[in-house]
Amino acid sequence: MTHTAAGPALDVEAVRADFPILHKPLPNGAPLVYLDSGASAQKPRPVLDKLIECYENYYANAHRGVYYFGVRIDEELEASREKIQRFIGAAQPEEVIFTGGTTMSINFVAYGWGRKFLKAGDEIVLNEMEHHANLVPWQQLAREKQATLKYLPLTSDGRLDMSRLDDVLNGRTRLVAVSGMSNVLGTINPIDEIATKAHACGALVVVDAAQTAPHMPIDVRDPVVDFLAFSGHKFFGPSGVGVLYGRRELLEAMDPFLTGGGMIDEVYPNYSTWAELPAKFEAGTLPIAEAIALGAAVDYVEGLGFEAIHAHEQRLLEKAHRVLAEIPGLVIHGPTPQHKGSIVSFTVDGIHPHDLAQLLDQKGVACRASHHCTMLLHEWLNVPATTRASFALYNTEAEVDVLAEAIQFARKKFRLA
Amino acid sequence: MSSSDYEDLYDDHILDHFESPYHKGHLENATCSHSGKNPLCGDRVQLELLIDEDGHIEQAYFDGKGCAISQAAASILCEEIEGKSVEEVEGMQAQDMLDLIKVPLTATRQRCGLLGFKILKTMVYSLDDSGGNDST
């Protein structure tokens with residue numbers, strides 16, 4: 001999970017041409033300025049085409065049919081799995097489990113691994129910037145098992161306070177749950193150092209890579225992480241599909257969370273045995289076309305290259321910090337651009353974030369305003385909500401200017417300027 | 001509702017109530033009070049009523065923090081219900097409140113606009129049950 005600072009320029013207009021939705025004007029005539037990719041990203045033509053291709057040419061249930069479509073759909077599904085395997089650096093395709101999304105992936109670990117292996121008095125290390133998806137499942141598990149939750153403190157600028165890591169890790173630590181990149185602060189967390197120290201204590205590391213995957217390369221073997229989750233829909237892929245990566249020995253040892261069709265080896269009146277990986281964790285019918293189209297999203301992102309994507313997004317991020325800092329009463333929450341990915345969450349004195357987002361919408365700017373599923377973080381920030389602009393590979397520097405103008409429009413509307 | 005319909009959401013009626021709210025604060029001798037929040041925006045509103053022996057709302061105060069819609073709506077509501085009987089308030093419908101707000105609200109923002117009204121309704125119905133002070 002590293003990134004480089006400079007690279008070849010991304011041809012953003014060519015990229016934008018791949019995203020049909022970006023060219024549809026809004027009902028009020030304003031062009032769409034989509035700055036909510038952190039909530040869900042838009043889809044490029046190859047992903048849309050792949051969905052249609054699947055449904056029009058070879059759709060059938062997966063792992064069921066011996067007829068032509070049944071065989072073809074399996075080939076497509078497994079080809080997508082192998083693309084994802086390569087994309088995240090997993091050793092084997094069987095370590096890539098298709099799920100419904102990041103939340104489901106993390107619940108698989110909390111219930112499948114945690115229920116089986118966690119004991120009373122064991123400790124789980126969290127931190128306050130985690131999305132509820134990487135927080136609430138651990139709370140539930142800890143309550144059930146009488147385990148203890150420990151929080152790694154944050155620095156005043158919204159990074160993990162690594163000087164305190166040794167304070168929260170000890171021989172009782174069984175698991176560290178951490179996001180690769182904060183969905184509010186944008187903070188990129190030092191997974192390598194966390195993984196090294198956690199593993200030295202005998203603890204596992206679970207990485208929420210929902211925000212990481214669209215912005216920077218992932219390698220689950222450098223640094224070694226034990227579980228990693230991300231969602232298709234934030235990664236320019238379809239909604240309804242996500243990925244759980246787990247090290248093979250862990251996936252073999254843990255229990256399935258969802259049981260039922262497709263995940264069994266043999267069924268007896270009073271018990272069943274489980275299928276081999278990855279089927280053991282893929283009960284029921286998968287989001288088949290979505291999982292296949294997720295492979296097309298991997299191809300698309302890899303075709304652009306993370307070096308170019310990162311350089312482009314970093315330019316947007318630096319410009320956003322520069323331009324927004326000039327707006328009176330505007331506070332950006334989180335670290336400086338060199339410590340984060342392309343997310344800018346802010347508050348403006350005198351305007352509630354929801355009112356601000358609504359006024360931005362009048363100028364065609366789509367931003368999310370809420371606690372962004374991080375209530376603990378907003379408690380820590382001491383604000384009820386923030387407005388978040390999250391940039392992706394299809395955003396432009398001109399859109400940053402539109403955002404700034406729209407914020408000024410909102411301030412005028414609220415009689416602040 | 002199209003985006004262009006939102007244009008007049010923050011008109012003077014809303015912004016005046018937001019900036020200079022009617023009866024924002026607390027009653028020392030409130031007959032009843034109740035509070036609630038809208039988790040979407042993090043809006044919080046507390047309503048306090050002074051009700052006379054004839055069952056008329058003599059004074060209505062609110063306090064709170066949140067978006068302009070939730071706070072302006074609470075202010076508009078306090079202004080509206082003073083002098084009304086509890087029975088009249090019981091008869092108020094959500095649409096009556098939306099009409100008082102005047103500006104068009106999307107389904108999402110109706111939760112902001114109706115927060116104070118919802119608290120009021122909960123409060124007057126619990127009056128029937130207990131006749132007492134109910135505060136969360």
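Predicted model, so just to flag it, every value in this text is computed and none were measured.

Asker: Which parts of the structure should I look at to understand the overall build of chain A?
Answerer: Scanning chain A from terminus to terminus reveals 13 helices and 15 strands. For chain A, the C-alpha radius of gyration of 22 Å lies close to 22 Å, the compact-globule estimate for 417 residues. Structurally, chain A occupies a C-alpha span of about 75 × 55 × 35 Å along its principal axes. Per-residue burial for chain A yields a buried fraction of 52% across its 417 residues.

Asker: I would appreciate a short explanation of the overall build of chain B in the present structure.
Answerer: Counting its regular elements, chain B contains 6 helices and 3 strands. Secondary structure elements of chain B, listed N to C terminal, follow the sequence α-β-β-β-α-α-α-α-α. Among the 136 residues that make up chain B, the fraction classed as buried is 40%. Counting only contacts in chain B whose residues sit at least 6 apart along the sequence, the fraction spanning at least 24 positions is 64%.

Asker: Even after reading the chapter, I still don't get the environment of Arg44 of chain B, so can you show me in this structure?
Answerer: For Arg44 of chain B, the position within the fold is in strand 2 (residues 43-51). If sequence neighbours within four positions are ignored, Arg44 of chain B has contacts with Ser35, Lys37, Gly64, Lys65 and Gly66 of chain B.

Asker: Would you explain the domain arrangement of chain A in this entry?
Answerer: All names here are of chain A. For chain A, the domain assignment lists domain 1 (12-31 + 305-413) and domain 2 (48-302). Look at where the C-alpha atoms of domain 1 and domain 2 centre, and you get two points 28 Å apart. The interface of domain 1 with domain 2 comprises 23 residues on the first partner and 21 residues on the second. At the level of elements, helix 10 (306-324), strand 12 (343-348), helix 12 (375-381) and strand 15 (386-390) are the ones that each hand at least two residues to the side of domain 1 that touches domain 2. Broken down by element, the side of domain 1 that touches domain 2 gets its largest block of residues, 4 residues, from helix 10. Each residue belonging to the side of domain 1 that touches domain 2 can be placed in one class, and the counts come to 10 nonpolar, 10 polar and 3 charged.

Asker: For this particular structure, what's the right way to read the environment of His312 of chain A?
Answerer: Residue and element names in this part refer to chain A. Along the chain, the position of His312 falls in helix 10. Residues His312 and Asn395 lie 83 residues apart in sequence; the distance between their C-alpha atoms is 8.9 Å. What His312 contacts, discounting residues up to four positions off in sequence, is Leu10, Val12 and Leu393.

Asker: Sorry if this is basic, but what is going on with helix 10 of chain A here?
Answerer: Since the α-helix turns once every 3.6 residues, residues separated by three or four places project in the same direction. Residues and elements named next belong to chain A. The first and last C-alpha atoms of helix 10 sit 26 Å apart over 19 residues, in line with the 27 Å expected at 1.5 Å per residue. All buried positions along helix 10 are accounted for by Phe306, Ile309, His310, His312, Glu313, Gln314, Leu316, Leu317 and Ala320. Close packing links the buried residues of helix 10 with helix 1 (12-17), helix 9 (288-304), strand 12, strand 15 and helix 13 (397-413).

Asker: Just to check I follow, could you spell out the nonpolar core for this structure?
Answerer: For soluble globular proteins, nonpolar side chains are generally found buried alongside one another. Residues and elements named next belong to chain A. Grouped together as the largest cluster of nonpolar side chains are 160 residues, with contacts concentrated most on Leu228 and Ala297. With 11 residues, the single largest contributor to this core is helix 9. Formed jointly, this core draws a minimum of three residues from each of two domains, domain 1 (12-31 + 305-413) and domain 2 (48-302). With near-sequence residues (within four places) excluded, Ala297 lies in contact with Val47, Gly232, Phe235, Phe236 and Gly237.

Asker: Would you take a moment to explain the sheet that holds strand 11 (residues 330-333) of chain A for this structure?
Answerer: Sheet strands pair by backbone hydrogen bonding; their relative direction is either parallel or antiparallel. Residue and element names in this part refer to chain A. The strand order 11-12-15-14 describes an open sheet built from 4 strands, whose pairing is antiparallel. At either end of the open sheet lies a strand with only one pairing partner, and these are strand 11 and strand 14 (368-370). Mean inter-strand twist for the sheet, computed between neighbouring axes without regard to direction, equals 30°. Both strand 14 and strand 15 contribute to a ladder of 3 bridges, which runs antiparallel. Residue pairing in the sheet places Ser370 in a bridge with Thr386 of strand 15. Contacts from helix 10 reach strand 11, strand 12 and strand 15 within the one sheet, and its direction differs from that of strand 12 by about 10°. Against the sheet, helix 11 (residues 353-362) makes contact with strand 12, strand 14 and strand 15, and its axis sits at roughly 165° relative to strand 14, the strand it touches most.

Asker: Looking at this model, I keep getting lost on the sheet that holds strand 1 (residues 32-38) of chain B. Mind explaining?
Answerer: Residue and element names in this part refer to chain B. Spatial strand order, 1-2-3: 3 strands in an open sheet with antiparallel pairing. Where the open sheet ends on each side, the last strands, each with one partner, are strand 1 and strand 3 (57-65). When strand polarity is set aside, the average angle formed by the axes of neighbouring strands in this sheet is 15°. The strands touched by helix 2 (residues 68-81) are strand 1, strand 2 and strand 3; relative to strand 3, the strand with the most contacts, the crossing angle is about 175°.

Asker: Please clarify how the interface of chain A and chain B should be interpreted in this entry.
Answerer: Across the boundary between the two partners, chain A contributes 17 residues, which contact 14 residues of chain B. Across the side of chain A that touches chain B, the residue classes tally to 6 nonpolar, 7 polar and 4 charged.

Asker: Mind showing me how you'd approach helix 11 of chain A here?
Answerer: Burial runs high along helix 11 of chain A: 10 of the 10 residues are buried. Every buried residue belonging to helix 11 of chain A is among Pro353, His354, Asp355, Leu356, Ala357, Gln358, Leu359, Leu360, Asp361 and Gln362 of chain A, and all of these are buried. Elements in contact with the buried residues of helix 11 of chain A: strand 12, strand 13 (365-366), strand 14, strand 15 and helix 13 of chain A together with helix 2 of chain B. One or two positions beyond helix 11 of chain A, positive phi appears at Gly364 of chain A, with a value near 85°.

Asker: Just checking my understanding: could you explain the packing of helix 2 of chain B against helix 4 (residues 94-101) of chain B for this structure?
Answerer: Residues and elements named next belong to chain B. Close contact between helix 2 and helix 4 brings their axes to 10 Å; oriented N to C, the two are set at 105°. Comparing the axis directions of helix 2 and helix 4 gives the class roughly perpendicular. Here Ala73, Ile76, Leu77 and Glu80 of helix 2 lie close against helix 4, whose contacting residues are Met97, Leu100 and Ile101. By residue class, the composition of the contact of helix 2 with helix 4 is 6 nonpolar, no polar and 1 charged.

Asker: How should I be thinking about the pairing of strand 15 of chain A in this particular structure?
Answerer: Regular strands place side chains that alternate from one sheet face to the opposite one. Residues and elements named next belong to chain A. In terms of burial, strand 15 is largely enclosed, as 5 of its 5 residues are buried. Here strand 15 shows a buried face lined by Thr386, Arg388 and Ser390 and a second buried face lined by Thr387 and Ala389. Pairing of strand 12 with strand 15, which is carried by 4 bridges, proceeds in the antiparallel orientation. Bridged to Phe346 within strand 15 is Thr387.

Asker: Got a minute to help me understand unusual backbone geometry in this structure?
Answerer: Trans peptide bonds make up most of the peptide bonds, and negative phi angles are found at most residues other than glycine. All names here are of chain A. Residue Pro223 follows Asp222 across a cis peptide bond; omega there is -5°. Tracing the chain through its elements places Pro223 in the loop between strand 6 (204-208) and strand 7 (227-231). In the segment running from Leu277 into Pro278, the intervening peptide bond is cis, with an omega of -5°. When you line up the elements, Pro278 lands in the loop between strand 10 (272-274) and helix 9. Positive phi outside glycine occurs at Cys373, with the angle close to 60°. By the secondary structure assignment, Cys373 is in the loop between strand 14 and helix 12. Note on Cys373: 18 C-beta atoms within 10 Å, which makes it partly exposed. The phi angle at Arg415 is positive, at roughly 60°, despite the residue not being glycine. Owing to 13 C-beta atoms within 10 Å, Arg415 belongs among the partly exposed residues under this scheme.

Cut-offs applied
Residues numbered from 1 in each chain as written. Chains lettered and ligands numbered in written order. Predicted model: local features only at pLDDT ≥ 70, side-chain atom pairs only at ≥ 80, totals over all residues. Helix = DSSP H or I, 4+ residues; strand = E, 2+ residues; numbered from the N terminus. Rg over C-alpha atoms; globule rule 2.2 N^0.38 Å. Buried ≥ 20, exposed ≤ 12 C-beta atoms within 10 Å, placed from the backbone. Contact = placed C-beta atoms within 7 Å. Domains from an automatic or database assignment. Nonpolar A, V, L, I, M, F, W, Y, C, P; charged D, E, K, R; others polar. Expected span 1.5 Å × (residues − 1). Core = buried A, V, L, I, M, F, W, Y, C linked by C-beta atoms within 7 Å. Pairing = 2+ DSSP bridges. Axes fitted to C-alpha atoms, helices over the stretch in contact; angles between N-to-C directions. Parallel < 35°, antiparallel > 145°, perpendicular 65-115°, else oblique.

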